[in-house]
Amino acid sequence: MSDKLKQIINKQGEQQGESLDKTDNIVQLVGFIIGEEEYAIPILSIQEIIKPFTWTRVPQVPKYVMGVFNLRGAVIPLIDLRLKFGISEKKHSDETRFIVMKDGDDVAGFVIDRLTMAIRIKKADIGPAPDTINGDDTMIDGVGKQEDRIITILKVNKLLERDF
C-alpha cells in the first residue's frame, strides 16, 4: 500500500474517531411540559407519540392510572403524569399527547400537557439529581442545563415501574 493511501486511511480513521467522540458526549432527549415544569426522557426510550384517543377505565387502581388502551393489539396502561407528580388534574387540550415509553419489555403510555422539542445536550451539562432526593428511588436521572433553562431528566425505568 502506498504511503499516500495509508495517510488518507489514517486521516479518515482519525476523523471518524473525532465524530464518534463528539456524539458520545451528547445525550438526545425529548422534552415535554407537565404543569409549569419541563421534563425530558432519552429519545430511544420512546416507542411513539400520539394524539389522545379513547381508553378504558380500570377499577381499583391508583388515581393517576387513567386506564388502558389498545395499541396495535397490545393493551397498555395509561398514566397521567400530572397526577403521578401530585399536580392537579387538567382537561386535555389540543396540545395534550400520549407518549408511549418502553424499557425492555415494560411499556406504558403517559399523558403529558405538551411536547417541547428534541433536545441535544452535552453530558457535561447534566448534573446529578438534587441532594434532597433519596438515591435510586427517585424518578430523576439528572438536571440538564441549557442557556436560560433547566430541564429535569427522568428515569424511564422508574416511570414504568408498576406499583398498581
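Residues numbered from 1 in each chain as written. Predicted model: local features only at pLDDT ≥ 70, side-chain atom pairs only at ≥ 80, totals over all residues. Heavy atoms only, no water.

(A) View of the overall build of the chain. Per the secondary structure count, the chain includes three helices and eleven strands. In the chain, the succession of helices and strands from N to C terminus is α-β-β-β-β-β-α-β-β-β-β-β-β-α. Looking at the chain as a whole, 37% of its 164 residues are labelled buried. Put simply, of all contacts in the chain between residues at least 6 apart along the chain, 54% involve residues at least 24 apart. Carbon together with sulfur atoms contributes 49% to the accessible area of the chain, which is approximately 10,600 Å² in total. (Helix = DSSP H or I, 4+ residues; strand = E, 2+ residues; numbered from the N terminus. Buried < 20%, exposed > 50% of the residue type's maximum accessible area, 1.4 Å probe, protein only. Contact = heavy atoms within 4.5 Å. Areas by Shrake-Rupley, 256 points an atom, 1.4 Å probe, with all protein chains shown as cover.)

(B) Just the pairing of strand E2 (residues 37–42), in detail. The sheet contact formed by strand E1 (residues 26–34) and E2 spans six bridges and is antiparallel. The partner of Ile33 across the bridge, within E2, is Glu38. Linking two consecutive strands that pair antiparallel, namely E1 and E2, is a turn of two residues; a positive phi of about 65° is found at Gly35 within it. When E2 meets strand E11 (residues 149–154), the two strands line up parallel, connected through two bridges. Looking across to E11, one finds that Ala40 is bridged to Ile153. (Pairing = 2+ DSSP bridges.)

(C) How the structure looks around the sheet that holds E1. As summarised here, the arrangement of the six strands in space is E8-E1-E2-E11-E10-E9, forming an open sheet in which the pairing is mixed. A strand with exactly one partner marks an edge of an open sheet, and here the two such strands are strand E8 (114–122) and strand E9 (126–127). Bridging between E9 and strand E10 (residues 140–146) involves two bridges; their strand directions are antiparallel. Note that in E10 the partner of Ile126 across the bridge is Gly144.

(D) Expanded view of the nonpolar core. Counting 21 residues, the largest nonpolar core has Phe32, Ile41, Met101 and Phe110 as the members making the most contacts within it. Of all the elements in the fold, those that place two or more residues in this core are E1, E2, helix H2 (81–84), strand E6 (97–103), strand E7 (106–112) and helix H3 (156–159). Those residues in contact with Phe32, other than ones at most four positions away along the chain, are Glu37, Glu38, Tyr39, Ala40, Ile41, Leu81, Ile99, Ile112, Arg114, Leu115, Thr116 and Leu154. In terms of nonpolar packing, the next biggest core, distinct from the first, is built from nine residues, Ile50, Met66, Phe69 and Leu71 among them. (Core = buried A, V, L, I, M, F, W, Y, C linked by side-chain atoms within 4.5 Å.)

(E) Region of the structure containing unusual backbone geometry. One non-glycine residue, Gln60, lies in positive phi territory at about 60°. By the secondary structure assignment, Gln60 is in the loop between strand E3 (46–50) and strand E4 (65–71).

(F) Representation of the sheet that holds strand E5 (residues 74–80) within the structure. The strand order across the open sheet built from five strands is E3-E6-E7-E5-E4, with neighbouring strands paired in mixed fashion. Single-partner strands in this sheet number two, and they are E3 and E4. The sheet shows a mean angle of 25° between the axes of neighbouring strands, taken without regard to direction. (Axes fitted to C-alpha atoms, helices over the stretch in contact; angles between N-to-C directions.)

(G) Structural detail: the pairing of E11. Alignment of E10 against E11, held across six bridges, turns out to be antiparallel. Across the sheet, residue Gly144 finds its bridge partner in E11, namely Ile151. As consecutive antiparallel partners, E10 and E11 are separated by two residues, and within that stretch Glu147 has a phi angle of approximately 35°, a positive value.

(H) How the structure looks around the packing of aromatic side chains. Under the counting rule described, the total for this entry stands at six aromatic pairs. Geometrically, the ring pair formed by Phe69 and Phe98 is tilted, given 5.9 Å between the ring centres and 40° between the ring planes. Here Phe98 lies in strand E6 and Phe69 lies in strand E4, a separation of 29 residues in the sequence. Residue Phe69 shares its accessibility class with Phe98, and that shared class is buried. Members of the aromatic cluster, each reached through a chain of ring pairs, are Phe53, Trp55, Phe69 and Phe98. (Phe/Tyr/Trp six-rings, centres within 6.5 Å; stacked < 30°, edge-to-face > 60°.)

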